[in-house]
There are 2 protein chains.
Amino acid sequence: MFTIFRGSQSGAWRVKRFAGVKGESLAPTPSLSVTHSDSIALPILPSQSGWRLIGVPSHVRYVERAEKEQLVAVQAGLGRAEAKLAALIPIKKSAAWWELTQEERRKIFEDKSHHIASSMRFLPAIARQLYHCRDLGGAFDFLTWFEYRLAHESLFEELVGMLRETEEWQYVEREVDIRVERERLDAI
Amino acid sequence: MFTIFRGSQSGAWRVKRFAGVKGESLAPTPSLSVTHSDSIALPILPSQSGWRLIGVPSHVRYVERAEKEQLVAVQAGLGRAEAKLAALIPIKKSAAWWELTQEERRKIFEDKSHHIASSMRFLPAIARQLYHCRDLGGAFDFLTWFEYRLAHESLFEELVGMLRETEEWQYVEREVDIRVERERLDAI
């Protein structure tokens, strides 16, 4: 099952902020939609009206057993009605990252960057889903999707700020940060 | 770049043996071709005349730094003129495998199954390329492609036999084993 993020003129999520953080940005669009499909054609052809990014939820790559159990126990799923805010952060890591071995990546990921441990305190407030797209030949390696309540907006800023400070993030060579909010039903 | 293995009526490789090892087999075809493309449509639609499997070469997942250097120093590339024989072994691992964490998979992969260490003695005689297809939503998780000389046919049998004995292989729930030889140019 493929998940398709589409930036265009309409969609269930209204764009509040659209920022190129590193490398080439995407064309800003007023809306974002998230759909799922069993079939796709790759590569995604450029569109006049916006852009599309495709990923697949995948198995975990870096967490160890105790961490996995901890995460599963604490994390929230997507689609909570009260989570009116969301963020899509597509990232691409450098060739140097992918040249590393799994153990070296894990060391940077957790031992040095404390990615998992530091993320725990943002759970379950911030729901998170990682989609892989490197093997799909897209422009990004990962699409990260977060959902949270208005009351947790500054907590989310803290999470993003913390991630960008890590050693792991030094391997990010392209990053776009798209903040969205649910369209009010009466406004559609 | 996607690599496409196509089983059909003609192709650069003639099928010598086509065996379903575990789970559902593929429809046997007389020939196999290997092509590359930047674009594909997923899922692959069923074809009257044969089957297609698509994968992407990907970064290494389990080897550690010393092993990686050892492998790179010793391994042979694909396309050696003298390598007239090849094998395509598509495999799918069970849900139980993918539920494991990376460290647990690595333990089974190397510490218990000695996959890397045991494979070293088959290098450079057997050239090997692993293609990933789990994230492409296909029927298999990996497509493994081997190329070797006629003189190393029994060495290759030994390699395959060794792999199937490992603990890692107990997680394989579907496997097809397709042995091919290069079509003689004067026969085309």
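Here, the structure is the one placed above.
Listed as interface residues are 26 residues of chain A and, on the opposing side, 26 residues of chain B. Its residues assigned to classes, the side of chain A that touches chain B comprises 11 nonpolar, 7 polar and 8 charged. Relative to strand S4 (residues 40-42) of chain B, strand S4 (residues 40-42) of chain A is paired through 3 bridges, and the arrangement is antiparallel. Looking at S4(B), one finds that Ile40(A) is bridged to Leu42(B).

On to the environment of Glu153(A). Residue and element names in this part refer to chain A. Residue placement: Glu-153 occurs in helix H5 (residues 153-165). A count of 16 C-beta atoms within 10 Å places Glu-153 in the partly exposed class. Linking Glu-153 and Thr-29, residues 124 residues apart in sequence, is a C-alpha distance of 21 Å.

With an RMSD of 0.0 Å, the fit of chain A onto chain B corresponds to turning through 180° and sliding 0.0 Å along the axis. In the structure described here, the two chain copies are related by an operation that fits a two-fold rotation axis. Among all residues of chain A, the one whose C-alpha sits closest to the rotation axis is Ala41(A), at a distance of 2.0 Å. Of the residues that chain A buries at the interface, 100% are likewise interface residues in chain B, meaning the two copies contact each other through the same surface.

Now for the pairing of strand S5 (residues 51-57) of chain A. Residue and element names in this part refer to chain A. Bridging between strand S1 (residues 2-8) and S5 involves 5 bridges; their strand directions are antiparallel. If you follow Thr-3 over to S5, its bridge partner there is Gly-55. With 2 bridges connecting them, S5 and strand S7 (residues 127-132) associate as antiparallel partners. Its bridge partner being in S7, Pro-57 is matched across the sheet by Tyr-131.

As a general point, the strands of a sheet are linked pairwise by backbone hydrogen bonds and lie either parallel or antiparallel. Spatially, 8 strands are ordered S1-S3-S2-S9-S6-S8-S7-S5 (chain B) in a closed barrel, and the strand pairing comes out antiparallel. Recorded for the sheet is a direction-independent mean angle of 35° between the axes of neighbouring strands.

The next point concerns the environment of Ile108(B). Within the element layout of this structure, Ile108(B) appears in helix H3 (residues 102-112). Considered as a pair, Ile108(B) and Arg80(B) are 28 residues apart in the sequence and their alpha carbons are 32 Å apart.

We now examine the sheet that holds S1(A). Residues and elements named next belong to chain A. Strand order around the closed barrel formed by 8 strands is S1-S3-S2-S9-S6-S8-S7-S5, with antiparallel pairing between neighbours. In this sheet, adjacent strand axes meet at a mean angle of 35° when their direction is disregarded. Here S1 pairs with strand S3 (residues 31-37) via 7 bridges, running antiparallel. Within the sheet, the bridge partner assigned to Arg-6 lies in S3 and is Ser-33.

Parameters and conventions
- Residues numbered from 1 in each chain as written.
- Chains lettered and ligands numbered in written order.
- Predicted model: local features only at pLDDT ≥ 70, side-chain atom pairs only at ≥ 80, totals over all residues.
- Contact = placed C-beta atoms within 7 Å.
- Nonpolar A, V, L, I, M, F, W, Y, C, P; charged D, E, K, R; others polar.
- Pairing = 2+ DSSP bridges.
- Helix = DSSP H or I, 4+ residues; strand = E, 2+ residues; numbered from the N terminus.
- Buried ≥ 20, exposed ≤ 12 C-beta atoms within 10 Å, placed from the backbone.
- Least-squares fit on C-alpha atoms with pLDDT ≥ 70 in both.
- Axes fitted to C-alpha atoms, helices over the stretch in contact; angles between N-to-C directions.

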